[in-house]
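Commentary on secondary and tertiary structure
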Protein chains: 2
Amino acid sequence: MSVQQLFEQQLSVVNVGLPSFAQAIQEVKTPVVHLEWSPPAQGDPAVGMHLAELLVSERVDAANEEAIDRLYEGQPVLLGVARALEVIPEMAERMLLHAGPPIAWGEMCGPMQGAITGAILFEGWASSADEARRLAASGAVRLEPNHHHSAVGPMAGVISPSMPVWIVENQAYGNRAYSNMNEGLGKVLRFGAYDEEVLSRLRWMRDVLGPAMARALEGGGPVELRPLIAQALHMGDEVHNRNVAASGLLFRRLAPALLRSGMDSDDEAAVLEFMAGNDHFFLNVSMASSKSMLDAAHGIPGSSLVTAMARNGVDFGIRVSGLGNEWLTAPAPDIEGLYFPGFSAADANPDLGDSSIAETVGLGGFAMAAAPAIVQFVGGSPQDAVAYSREMRQITLGASPAFTLPALSFGGTASGIDIRLVVDTGVAPIINTGIAHRKAGVGQVGAGLVRAPMACFERAVTRLAEKLAE
Amino acid sequence: MSVQQLFEQQLSVVNVGLPSFAQAIQEVKTPVVHLEWSPPAQGDPAVGMHLAELLVSERVDAANEEAIDRLYEGQPVLLGVARALEVIPEMAERMLLHAGPPIAWGEMCGPMQGAITGAILFEGWASSADEARRLAASGAVRLEPNHHHSAVGPMAGVISPSMPVWIVENQAYGNRAYSNMNEGLGKVLRFGAYDEEVLSRLRWMRDVLGPAMARALEGGGPVELRPLIAQALHMGDEVHNRNVAASGLLFRRLAPALLRSGMDSDDEAAVLEFMAGNDHFFLNVSMASSKSMLDAAHGIPGSSLVTAMARNGVDFGIRVSGLGNEWLTAPAPDIEGLYFPGFSAADANPDLGDSSIAETVGLGGFAMAAAPAIVQFVGGSPQDAVAYSREMRQITLGASPAFTLPALSFGGTASGIDIRLVVDTGVAPIINTGIAHRKAGVGQVGAGLVRAPMACFERAVTRLAEKLAE
């Protein structure tokens, strides 16, 4: 075809890159499709070179194959409940665990400082909030990330030695993961509240709820979590910000066993009422389940699989299978969301909590197509929810064989984030999340969507390339 | 525009009617959209004339406006549980109620004869199955449709005097509706089984489950069903063939109240286990809820609103608001479905049960877009499920303000079938349904989709036109 022939035809134009070119063509009324494209790694040539190395590395591909097999074959099972000090690896007497990457007391955000203060009061290490804060600042209480102890916790995510924790075992590989128990909404420790209402609920959870769940699981457990979560995805949950179906399924499973356990019947009724009144009761179980699946795929040399995304309210950090215990961090982003009446973006703390472990395994934002009703909570339309689930397939090594999405014709949810694909496509993982007030103890002020910071993935690409070159 | 100009342009053709015209145009590569169309009432000129009268009748429109207001403003509330004889209007000592339009013992299908036999044994009116059948054939037991007593029951739908029944009150209008309690799957009375396993379960339901639910509702009720069903629709139920979410929500609501009721704790545990093991526990509550909403819109002179669709396994019948207690019937259709292993269409009984009250109110097949996962049970794709919900909007007077569908951008489900629209469009209501074995007592053999017979609606159009002419 000659150039003349080309221009005699009606043109259909695909524009790649700068949208202004497309605008110019649209102005002369030619149909145009604009594809967003920008150079990988925002044009940083060093990262681009490292990315190119990783993308053609057979060693990385082989390591990822092993990592993804381990991820997809996980069999998380809810085994029981025990006090943190008794079961969490390397938990110590004067130690508190927190969400996200490591952070010192002085650097922590308001809600996390509040939760640390509350946990010290709950443990009886101090008798006033001032004393608790001084103790925390003195360094006499060790503060470590949950993720260093096979644990996860939502929002501030604080776990103290005498708190009851869920025990999830990945029975395909034998590793275990842990999470604290969900306190419900309102004034709660995970948003940094620590008044008497909060502390007395924590004592009741330690003395009644935890033992009740332990006994119910002895009689009615263990509970296989893979089919339970799969079922909840067909019931409108994405098991991060919507857990109403999964909470109901767990309730239905444990309530009869609780009645058979011979507990005091007033306590039984109080426990069932507490569970029945908390649509997020399952969240922490879901998180421990995801953690147990991802930990089995962690530590494979050369693998570019993301095995954790977590936020401490100041920094957003990721961990990568082939990078061991390194954290790749960037400032925690602000959240685009819907605010509860009386609150606005000015009240919001930056992104906080270990709950993005859900997205890391392919749930939460990655499974939003399963939960169209969640857009009433986090914003957007049901069509957006489906679009996010599709988009995430660009950055994962495959689709989950366990967790399927009816709205995508029962295709598996995008699962197994590859740092290479994130940097190469420029598509950052999408996360559904709650929004904490920036001041300790006010609580949740909204919910919304946030993208993981690209800088974490770029740094990870560079570090993995350096490590492979060693 | 001249004809010549017309033919010089590129043609886009909309073809209405015979698809062969469209094929011819497609063969010459012109874009063509084929709209299915056939003359109303399959070309019967008498029905067509009656339809034309009704379609332009201001009286019908005014009556429908009132009927639909009453339907949409319904506030069904689960009040309690009591024995049928104590609460069902005009229930009598030697009376059994059954599903669908009226039918004599000798005409009944296998599963319904089995259920009648079982109910007679359960009531102790006979001591053997042969004796029970002779008694039924003798006319000494009155057999009447549930719908004549403000009641509904799934499949054979048999309600006997001492069975416990759910009491639902439509608090906007004060009318009540009733349904029996769900026995679970397997060998059950509603599929015509009546061996000792079935009868002993019915006795336990009468002596333990019914009283337990009555006490739980005294302490934890009444339960507003409109928001509960609305929530279940956002959790993947359509509350006809999928009730797992609604059953869980009801369980969660009643379990703590049951524990507070001071029952024997072994009975409490058995009740909770029974509820927890039955994903269809809510079905009968859902049916009574729909019945209570539709009855409030029944009996409005001139209204062409359908207020019941019900099947006795031989006939399919509808009732229309403006036609009082008349039934418009046609032979019960066969169901297109998926069969459980070992069964096929040859085993299937024609369409059976009062459960199509769900579709009559806009749930079930009309709300399939809410329940994409149900296609694994009834056949088709998630896209089909959405298409059915859209299609049904052609034959209803509006969309439910109570029940919304996330997949249709939270639009209301098509609610309020108009006989005129059914006949005019040729679109028959779609129903999700279980499939019973044609022999008594074998049980459920599959599930699928069925269309209400057009003849019922055509007859209704004629009858309503005749009635208006009187």
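This is a predicted model, so every value here is computed, not measured.

Conventions adopted
Residues numbered from 1 in each chain as written. Chains lettered and ligands numbered in written order. Predicted model: local features only at pLDDT ≥ 70, side-chain atom pairs only at ≥ 80, totals over all residues. Helix = DSSP H or I, 4+ residues; strand = E, 2+ residues; numbered from the N terminus. Rg over C-alpha atoms; globule rule 2.2 N^0.38 Å. Buried ≥ 20, exposed ≤ 12 C-beta atoms within 10 Å, placed from the backbone. Contact = placed C-beta atoms within 7 Å. Pairing = 2+ DSSP bridges. Axes fitted to C-alpha atoms, helices over the stretch in contact; angles between N-to-C directions. Least-squares fit on C-alpha atoms with pLDDT ≥ 70 in both. Expected span 1.5 Å × (residues − 1). Parallel < 35°, antiparallel > 145°, perpendicular 65-115°, else oblique. pLDDT = per-residue confidence, 0-100.

1. Some details on the overall build of chain A
Broken down by element type, chain A carries 17 helices and 18 strands. Whereas a compact globule of 470 residues would reach a radius of gyration of roughly 23 Å, chain A reaches 23 Å, a difference of no more than 12%. Taken along its principal axes, the extent of the C-alpha atoms in chain A is 90 × 50 × 45 Å. Looking at chain A as a whole, 56% of its 470 residues qualify as buried. Within chain A, residue pairs in contact and separated by at least 24 positions form 73% of the contacts whose partners lie at least 6 positions apart.

2. A look at the sheet that holds strand β17 (residues 430-436) of chain B
Residues and elements named next belong to chain B. The sheet built from three strands is open, its strands ordered β13-β18-β17 with antiparallel pairing. Edge strands, defined here as strands with exactly one partner in the open sheet, are β13 (336-339) and β17. Strand-to-strand, the axes of this sheet are offset by a mean angle of 20 degrees, without reference to chain direction. One ladder, built from four bridges, connects β13 with strand β18 (residues 444-451); its direction is antiparallel. Bridging across to β18, Y339 finds its partner in G446.

3. Re the interface of chain A and chain B
As a measure of interface size, the accessible area lost when the parts come together is often cited. Contacts between the two partners involve 27 residues from chain A and, on the opposite side, 27 residues from chain B. Taken together, the elements giving at least two residues each to the side of chain A that touches chain B come down to α10 (244-259) and α11 (265-276) of chain A.

4. A few points about the environment of L421(A)
Residues and elements named next belong to chain A. Within the fold, L421 resides in helix α16 (residues 419-425). The sequence separation of L421 and T396 amounts to 25 residues, and the corresponding C-alpha distance is 7.2 Å. If we skip the residues at most four places from it in the chain, L421 touches Q394 and I395.

5. Considering the relation of the copies chain A and chain B
Laying chain A over chain B is done by rotating through 180 degrees and shifting 0.0 Å along the axis; what remains is an RMSD of 0.0 Å. The symmetry that links the two subunits is that of a two-fold axis. For chain A, the minimum C-alpha distance to the rotation axis belongs to M235(A) and amounts to 2.1 Å. Counting the interface residues of chain A, we find that 100% of their copies in chain B are interface residues as well, pointing to one common contact surface.

6. Overview of the sheet that holds strand β14 (residues 352-353) of chain A
Sheet strands pair via backbone hydrogen bonds, and the direction of the pair is either parallel or antiparallel. Taken in spatial order, the four strands make up an open sheet running β12-β11-β10-β14 (chain A), and their pairing is antiparallel. In the strand order of this sheet, the two ends are held by β12 (328-331) and β14 of chain A, each with one partner.

7. Here we look at helix α8 (residues 196-220) of chain A
Residue and element names in this part refer to chain A. Between its first and last C-alpha atoms α8 spans 33 Å; for 25 residues at 1.5 Å apiece the expected length is 36 Å, and the two agree. Among the residues of α8, V198, L202, M205, L209, G210, A212, M213, R215, A216 and L217 are the ones counted as buried. Lining the buried residues of α8 we find β3 (76-83), α6 (110-123), β7 (164-170), α10 and α11.

8. A look at the packing of helix α6 (residues 110-123) of chain B against helix α7 (residues 129-138) of chain B
All names here are of chain B. Where α6 meets α7, the axes come as close as 9 Å, and the angle between the chain directions of the two elements is 105 degrees. With respect to each other, α6 and α7 are oriented roughly perpendicular. Contacts between α6 and α7 involve I116, T117, I120 and L121 on the former and, on the latter, A129, A132, R133, L135 and A136.

9. Some words on the environment of D44(B)
All names here are of chain B. Turning to its location among the elements, D44 is positioned in the loop between β2 (32-35) and α3 (45-55). Here D44 falls in the partly exposed class, since 16 other C-beta atoms lie within 10 Å of it. Here the alpha-carbon distance between D44 and H98, two residues 54 residues apart in the chain, equals 34 Å.

10. Comments concerning the confidence of the model for chain A
Mean pLDDT over chain A: 92, with 91% of residues reaching 70 or higher. Model confidence for the complex is summarised by a pTM of 0.88, with the ipTM given as 0.84.

11. Details of unusual backbone geometry
Most peptide bonds take the trans configuration, and most residues that are not glycine carry a negative phi. Look at the link from G221(A) to P222(A): it is a cis peptide, with omega at -10 degrees. Here P222(A) lies in the loop between α8 and β9 (223-224). A positive phi angle, close to 65 degrees, is found at F410(B), a residue other than glycine. Mapped onto the fold, F410(B) is located in the loop between β15 (396-405) and β16 (411-417). Judged by the 15 C-beta atoms lying within 10 Å of it, F410(B) is partly exposed.

12. Describing the pairing of strand β8 (residues 175-180) of chain B
Residues and elements named next belong to chain B. Taken across its six residues, β8 has five buried, putting it largely inside the fold. Note: strand β6 (residues 151-152) against β8, two bridges, orientation parallel. Bridging from a neighbouring strand, A151 pairs with Y178 of β8. Turn length for the strand β7 (residues 164-170)-β8 hairpin, with the two strands adjacent in sequence and antiparallel, is four residues, and the turn residue G174 shows positive phi of about 85 degrees.

13. A few points about the environment of I167(B)
Residue and element names in this part refer to chain B. Structurally, the position occupied by I167 is in strand β7. Taking the C-alpha atoms as reference points, I167 and S138, separated by 29 residues in sequence, lie 32 Å from one another. Excluding residues that lie within four positions of it along the chain, I167 makes contacts with L79, G80, V81, A82, V87, R176 and Y178.

14. Some details on the packing of helix α8 (residues 196-220) of chain B against helix α11 (residues 265-276) of chain B
Residues and elements named next belong to chain B. At a minimum axis separation of 10 Å, α8 and α11 run at an interaxial angle of 85 degrees. Between α8 and α11, the angle falls in the class roughly perpendicular. Across the interface between the two elements, V208, L209 and A212 of α8 pack against D267, A270, V271 and F274 of α11.

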